[in-house]
Number of protein chains: 2
Amino acid sequence: MDEDGNARRSRRRRPPVAGKGTTDDLDLFTRYSRLRNPFPPMRVYSDDEVENIHLTALQLLETLGMRVLSGSVRALLAAAGAQVDEGSQVVRVDPALVGKALETAPHEFTVRALDPVRSVPIGAGHLAIAPVAGPPNVVDVRKGRRPGTMEDLRNFIRLSQTFDVIHLLGPCVEPQDVEVNIRHLEFTLAQLTLADKPPWVFCRGRQQIRDCFEMIRLAHGLDEGEFRNHVCAYTVVNTNSPRQLDIPMAEGIVEFANAGQMTIVTPFTLAGAMAPVTVTGALTLAHMEALFGITLAQLVRPGAPVVYGTFTSNVDMKSGAPAFGTPEFTKACFGAGQLARRIGIPWRSSSATASNSPDAQAAYEAEMSLWGAVLARCDFLLHGAGWLEGGLSASYEKFILDIEMLQMFAELFQPLGAGADEIAAMAIEEVAPGGHFFAAAHTMQRYRTAFYSPLVSARQNYGQWQEGGSPSAAERAVGVWERKLREYQAPRRDSAILEAVTDYAERRRTEGGAAPVS
Amino acid sequence: MDEDGNARRSRRRRPPVAGKGTTDDLDLFTRYSRLRNPFPPMRVYSDDEVENIHLTALQLLETLGMRVLSGSVRALLAAAGAQVDEGSQVVRVDPALVGKALETAPHEFTVRALDPVRSVPIGAGHLAIAPVAGPPNVVDVRKGRRPGTMEDLRNFIRLSQTFDVIHLLGPCVEPQDVEVNIRHLEFTLAQLTLADKPPWVFCRGRQQIRDCFEMIRLAHGLDEGEFRNHVCAYTVVNTNSPRQLDIPMAEGIVEFANAGQMTIVTPFTLAGAMAPVTVTGALTLAHMEALFGITLAQLVRPGAPVVYGTFTSNVDMKSGAPAFGTPEFTKACFGAGQLARRIGIPWRSSSATASNSPDAQAAYEAEMSLWGAVLARCDFLLHGAGWLEGGLSASYEKFILDIEMLQMFAELFQPLGAGADEIAAMAIEEVAPGGHFFAAAHTMQRYRTAFYSPLVSARQNYGQWQEGGSPSAAERAVGVWERKLREYQAPRRDSAILEAVTDYAERRRTEGGAAPVS
């Protein structure tokens, strides 16, 4: 059967050499550790339209402003020249203040990893990828859905360390079996001992942040001055759209800017819920709020590493439930990328889905998100692997399926070339009409590494697949994450440094840790 | 829980009006019946590289040529100036002959439908979509996989008629319960009576083609001269890569060109199997073969409507099995689109997957295919809905999932705009910090039609979804296709015309039909 049912030749012939891969997976994946996006930026707005949105956001910041729940941050903003109304807690900033902030925010910087080869460039055409962040639940095909535990979080850190296409760590699931006052210590310790990629720190109060920074500083063997001048950790600050910044988020921006650590300011603007029902309106609100957060960071410390985050999607128009990976989401990516380029700051997007299981919907919504992010030249992709159920669950199988999709993009980024070796006229000459290329010299030299070798995708014929129990891609992914966890090895670490970090966590644990601020 | 686990506000609030859709599905989908691709063409080659590939293909046509199994077609080519070696059946054409053909091949044309509003423009920025073509098997979630029947084929024609995002009909499954000599009559009759979109005709011998053309001519109420001047049917000719054209395919090109009907010439070049192991090499071979078929059509009748087809993918490097929707497939799309623009002929691509079930793999491979096709400015998408298992099965559920993905692209093609109504500063002013937009006037005026309303995608919360039996997207798709078949209504048809078509089929049936040629 040929592709359109016309011809009747078998195409299931095998190559002459049994192609059992001899190359280690890790070797194959090394190329994934630093991605450069080769595609031109997609546009959904004219330059005039981008300017229109930007100027409207500036004007709304000046006339409407943002409500800031932290008194100390309002005072800081007032001192810097913002108009503060203490009664309503509303802070108005004029375009000049925002403009000055945009001049000092860096266009690109590097997040330092414990292993320098893992350091992550942000901006300048690179695509940095972090795993899912924040779900309270964990789910897998066999055991179903349950509250996240510390061991689940450790597993996701191990998986994040394993795959080179994941460049930073993240709070893949909330470890609900750990008391909230010491959760930040356990999480940071797990990141610093199980992996050597840059860690995430939550903004849940100044003391928690300081604890985490101290542990990360010790792990890097830096003194306090050096730490302030090297980006070694990151966080995401979500505004409480519309137009509100709560205490932990506002104070988080201040702490991170002071310490020279990276803040992604991401308004979560669901069109029709916490944002206008038009995508452009939701982006305008998001732009306004992100500019506010970025301005705050730059007021605290000019040059502080910030990322312009957008998470604009829409609600389901029948139920009001959030929807992700929709056409509106993808278009919002295109628009947000344009706005990010307008202000010259690295842009963060997401891979997301509303699906409750790692099924076809989860895949096509993730793809719509990924293409939106990649074509809009996203610099930082959060929720790159493991996000399910609108972010309420971290899924082990979705993590693997997402890795597959990310690796496919990484392969897509590689050039084809059209020199004599690639055009291969000599191979075409070698093979007779109606023949095949399996044994051609050109094939034999290249076939082992010619194509992407998938993690999960099956190419078995139907009979073989049925004999194997007709597993779906999600079911096949079970074996992959289980094997990767079995094969996982912790990175080597200087024992003195390891001891210093562990001692700090232990001391703070015995002191009772620090209460989260909300 | 907010998107990154930072904030803790519910986002499952409902809009103030229970948004039970009052608009009929068909109204909502009307916009899908004619798609214009707004995206700029993606490039994977420099202009020099494109020229390199094109010139190499021309040179290989002159030096190596193609083996043509049909003696009458070799004679026709010899008469037109090609070099024919009767011993090896190899036909060599020089660049001048190809160049002349490319001058007469139309850049755009329209395929006429029985209902004129369904007529399909090909080229000029339109994206025309046809369903899966050619699988021997049919599969659905409940009954599993089995040989295709005439009733299955009728069902797929009904579904193709139902969804406006499908623009032409196709041989979605091989009706194996119908004797091969009359299969073409039954298939054509089903297309002409169950739908009013342009039909497919197989190239399985001159007499079969003539039977089908006669039925289509009668259905349109055209005389023979008029029929030759209106494109009313289409086919796909697959070369037998490498470098071979068999009898039914070669004669099909001649019959279609003579009758002024549309031929898509598609080499099926799997890199590493019937084509060089490099994507560029596989595209070079495909380009050579497509140019040969296009040249033949233009020699028969200058101006004959032809489409430049590419189906370049790769084999699995471990097993030699075909792979689809791979990164190599997507890059091949980008390259093929460039080659099509180089020769100025509408380009056909595909939506494909190697998956054996309508799972996550089926979705992400279809998405990789679709984005490849759309970004490379595909003019004609074959296998747009229903393809599964490398084209060996037509899947009812995959058909619905594909419709969802296609509709999402159609929505993505709609502009966002950034005028005052879209930017919605008035809505942002209306809602207090930390409030919501559900009840804003701007929302109330727009929310019913603001966002794409999905067919299959679920946004229920986990509890509701579990109560409903935790159905996957594929399982939910069952209810969709069953409902659409129940609700299906045949288009109205002039009874005299219907009778003429039916009478012709009946007469030819009693005459024994026509044996397929292979």
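Structure shown above.
Residues numbered from 1 in each chain as written. Chains lettered and ligands numbered in written order. Predicted model: local features only at pLDDT ≥ 70, side-chain atom pairs only at ≥ 80, totals over all residues.

Draft legend 1. Spatial organisation of the overall build of chain A. In terms of helices and strands, chain A carries 19 helices and 20 strands. Its C-alpha radius of gyration of 24 Å places chain A within 12% of the 24 Å reference for a compact globule of 518 residues. Residues counted as buried form 62% of the 518 residues belonging to chain A. Long-range contacts, defined here as pairs at least 24 residues apart, represent 75% of the contacts in chain A between residues at least 6 apart. (Helix = DSSP H or I, 4+ residues; strand = E, 2+ residues; numbered from the N terminus. Rg over C-alpha atoms; globule rule 2.2 N^0.38 Å. Buried ≥ 20, exposed ≤ 12 C-beta atoms within 10 Å, placed from the backbone. Contact = placed C-beta atoms within 7 Å.)

Draft legend 2. How the structure looks around the relation of the copies chain A and chain B. Taken as rigid bodies, chain A and chain B are interconverted by a rotation of 180 degrees and an axial shift of 0.0 Å, the fit giving an RMSD of 0.0 Å. The superposition operator between the copies reduces to a two-fold rotation axis. Identified as the residue of chain A closest to the rotation axis by C-alpha distance is A:Ala360, at 2.0 Å. Both copies present the same face, since 99% of the interface residues in chain A are matched by interface residues at the equivalent positions in chain B. (Least-squares fit on C-alpha atoms with pLDDT ≥ 70 in both.)

Draft legend 3. Quick peek at the interface of chain A and chain B. Across the boundary between the two partners, chain A contributes 135 residues, which contact 134 residues of chain B. Of the residues forming the side of chain A that touches chain B, the biggest block, eight residues, is contributed by helix H12 (residues 360–375) of chain A. Each residue belonging to the side of chain A that touches chain B can be placed in one class, and the counts come to 68 nonpolar, 38 polar and 29 charged. (Nonpolar A, V, L, I, M, F, W, Y, C, P; charged D, E, K, R; others polar.)

Draft legend 4. Focus on the sheet that holds strand S9 (residues 144–147) of chain A. Residue and element names in this part refer to chain A. Spatially, four strands are ordered S9-S8-S20-S19 in an open sheet, and the strand pairing comes out mixed. Strands at the two margins of the open sheet, each flanked by one partner only, are S9 and strand S19 (387–388). Note that S19 and strand S20 (residues 393–395) share two bridges and pair antiparallel. What sits directly across from Trp 387, in S20, is Ala 394. (Pairing = 2+ DSSP bridges.)

Draft legend 5. Summary view of the environment of A:Ser369. With respect to the element layout, A:Ser369 can be found in helix H12. Sequence-wise, A:Ser369 and A:Leu270 are 99 residues apart; in three dimensions their C-alpha atoms are separated by 15 Å.

Draft legend 6. Molecular detail of the pairing of strand S10 (residues 234–237) of chain A. Residues and elements named next belong to chain A. The two faces of S10 match: Tyr 234 and Val 236 on one face and Thr 235 and Val 237 on the other face are all buried. Here four bridges tie S10 to strand S12 (residues 262–265), and the two strands are oriented parallel to one another. Bridged to Val 237 within S12 is Val 265.

Draft legend 7. Representation of helix H11 (residues 327–343) of chain A. An ideal rise of 1.5 Å per residue puts 24 Å on 17 residues; H11(A) measures up with 25 Å between its terminal C-alpha atoms. Most of H11(A) sits out of view: 15 of its 17 residues are buried. (Expected span 1.5 Å × (residues − 1).)

Draft legend 8. The pairing of strand S16 (residues 347–350) of chain B, seen in detail. All names here are of chain B. What you see with S16 is no split at all: Trp 347 and Ser 349 on one side and Arg 348 and Ser 350 on the other are buried throughout. Relative to S16, strand S13 (residues 306–309) runs parallel, the two being bridged by two bridges. Within S16, the position partnered with Tyr 308 by the bridge is Trp 347. Sheet topology places S16 next to strand S17 (residues 380–382); three bridges connect them, and they run parallel. Bridging across to S17, Arg 348 finds its partner in Phe 380. Handedness of the S16-helix H12 (residues 360–375)-S17 crossover: right-handed. (Right-handed = clockwise from strand over helix to strand, strands pointing away.)

Draft legend 9. Representation of the sheet that holds strand S18 (residues 387–388) of chain B within the structure. Spatially, S9-S8-S19-S18 (chain B) is the arrangement adopted by the four strands of the open sheet, whose pairing is mixed. Strands with a single pairing partner mark the edges of an open sheet, and in this sheet they are strand S9 (144–147) and S18 of chain B.

Draft legend 10. Highlighting the packing of helix H2 (residues 47–63) of chain B against helix H11 (residues 327–343) of chain B. All names here are of chain B. Closest axis-to-axis distance for the H2/H11 pair is 10 Å, and the angle between their directions is 75 degrees. Classified by the angle their axes make, H2 and H11 are roughly perpendicular. Here Val 50, Ile 53 and His 54 of H2 come into contact with H11, specifically with Gln 338, Leu 339 and Arg 342. Here the contact of H2 with H11 is built from residues that sort into three nonpolar, two polar and one charged. (Axes fitted to C-alpha atoms, helices over the stretch in contact; angles between N-to-C directions. Parallel < 35°, antiparallel > 145°, perpendicular 65-115°, else oblique.)

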